[in-house]
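# Geometric and topological summary
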Amino acid sequence: MKALDHILRLFAVCALLCAAPAHALGGAPAAPAPEAAPEQALGRSLSHANSYVRIEPIRASVQADYRMRGLLQVGLALDAPHSRTRQTIAERQLWLRDAYSQAMLMYSGRMYRWGDIPDADAIARLLQAETDRLIGPGQATVVLDTVIIHAN
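Report on the accompanying structure. All figures in this text were calculated on a predicted structure; none of them were measured in a lab.

### Focus: the environment of Asp-132
- Mapped onto the fold, Asp-132 is located in helix 4 (residues 120-135).
- For the pair Asp-132 and Val-142, spaced 10 residues apart in the sequence, the C-alpha separation amounts to 9.7 Å.
- With sequence-adjacent residues up to four places away left out, Asp-132 is seen in contact with Pro-137, Gly-138 and Ala-140.

Put into structure tokens, the structure is as follows:
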């Protein structure tokens, strides 16, 4: 019984120490974390040029043998040399993401076979076709950053 009381007291002391604010224990309060710049919020930059518009990575499931085997992730940016084109891209961001997601689902469902290396050229062609459809032919160029398969 004495050992149980000792364990309970130790537990109570640990709980009090964990719940106590830092300044009560003699430490300084933690400094607020600096906010990340919008360019850094999406990870590393593809280029420092102003013409590149970073797009969040596009993901699509990869299936084989009637079950999900992994996830295809494509990181990309659009090279749009004209400011008006970059403004159009910003205005149509949601439409672009939807079109890119549909294209990646089509690629992962029909063109990709589990275990193969993803065809970056085919992916770039699909994404460029969607970009030309939504932004206009020749207005922006798709630049792939990464093409990764995350296996389950």
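### Re unusual backbone geometry
- Here the phi dihedral of Asp-65 falls at roughly 55 degrees; this positive angle occurs in a residue that is not glycine.
- Note that Asp-65 resides in the loop between strand 1 (52-64) and strand 2 (67-79).

### So, the pairing of strand 1
- Bridge count between strand 1 and strand 2: 11 bridges; the pairing is antiparallel. By the bridge assignment, Ser-61 is partnered in strand 2 with Leu-71.

### Concerning the sheet that holds strand 1
- Spatially, the three strands line up as an open sheet ordered 1-2-3, and their pairing is antiparallel. A strand with exactly one partner marks an edge of an open sheet, and here the two such strands are strand 1 and strand 3 (141-151). Within the sheet, the average angular offset between the axes of one strand and its neighbour, ignoring direction, is 20 degrees.

### Considering the pattern of salt bridges
- Summed over all chains, the structure comprises three salt bridges.
- Asp-145 is paired through a salt bridge with Arg-54; the nearest N and O atoms lie 3.2 Å apart. One end of the pair, Asp-145, is in strand 3; the other, Arg-54, is in strand 1, and 91 residues separate them in sequence.
- In this structure, Asp-65 and Arg-69 form a salt bridge, with 2.8 Å as the shortest nitrogen-oxygen distance.

### Examining the nonpolar core
- Judged by nonpolar contacts, the single largest core of 26 residues is most densely connected at Leu-76, Leu-78, Ile-89, Tyr-100, Met-104, Tyr-107 and Leu-127.
- Only strand 1, strand 2, helix 3 (93-111) and helix 4 provide two or more residues apiece to this core.
- Setting aside anything within four residues of it in sequence, one finds Leu-76 in contact with Arg-54, Ile-55, Ile-58, Tyr-100, Leu-127, Val-142, Val-143, Leu-144 and Asp-145.

### Remarks on the packing of aromatic side chains
- Taken as a whole and assessed by the stated rule, the structure comprises one aromatic pair.
- Aromatic side chains Tyr-107 and Tyr-112 sit 6.2 Å apart centroid to centroid with 35 degrees between the ring planes, which places their arrangement in the tilted category.
- Tyr-107 gets classed as buried once you look at its relative accessible area, which sits at 2%.
- In this structure Tyr-112 comes out as buried when scored by relative accessible area, which is 5%.

What counts and how
All chains use their own residue numbering, which begins from 1 and follows the written sequence. Per-residue local features are limited, in this predicted model, to residues with pLDDT of at least 70; the limit for side-chain atom pairs, both in listing and counting, is 80 or more; totals at the level of whole chains, interfaces and linings are taken over all residues. Side-chain measures here rest on the full set of heavy atoms in the structure, leaving out hydrogens and waters. Strands are runs of DSSP state E lasting at least 2 residues, helices are runs of H or I lasting at least 4, and numbering of each runs from the N terminus. In this analysis, two residues are considered to be in contact whenever any of their non-hydrogen atoms come within 4.5 Å of each other. By the convention used here, strands pair only if DSSP detects at least 2 bridges between them. Lines fitted to the C-alpha atoms define the axes, with helices restricted to the stretch that makes contact. Angles between their N-to-C directions range from 0 to 180 degrees. Criterion for a salt bridge: a side-chain nitrogen of Lys or Arg within 4 Å of a carboxyl oxygen of Asp or Glu. Nonpolar core, defined: a set of buried Ala, Val, Leu, Ile, Met, Phe, Trp, Tyr and Cys residues in which side-chain atoms within 4.5 Å join the residues together. Type-normalised accessible area, obtained with a 1.4 Å probe on protein chains alone, sets the label of each residue: buried when under 20%, exposed when over 50%, and partly exposed for intermediate values. Any pair of Phe, Tyr and Trp rings, taking the six-membered ring for Trp, is counted once the centres come within 6.5 Å. Such a pair is stacked with planes under 30 degrees apart, edge-to-face with planes over 60 apart, and tilted for the rest.

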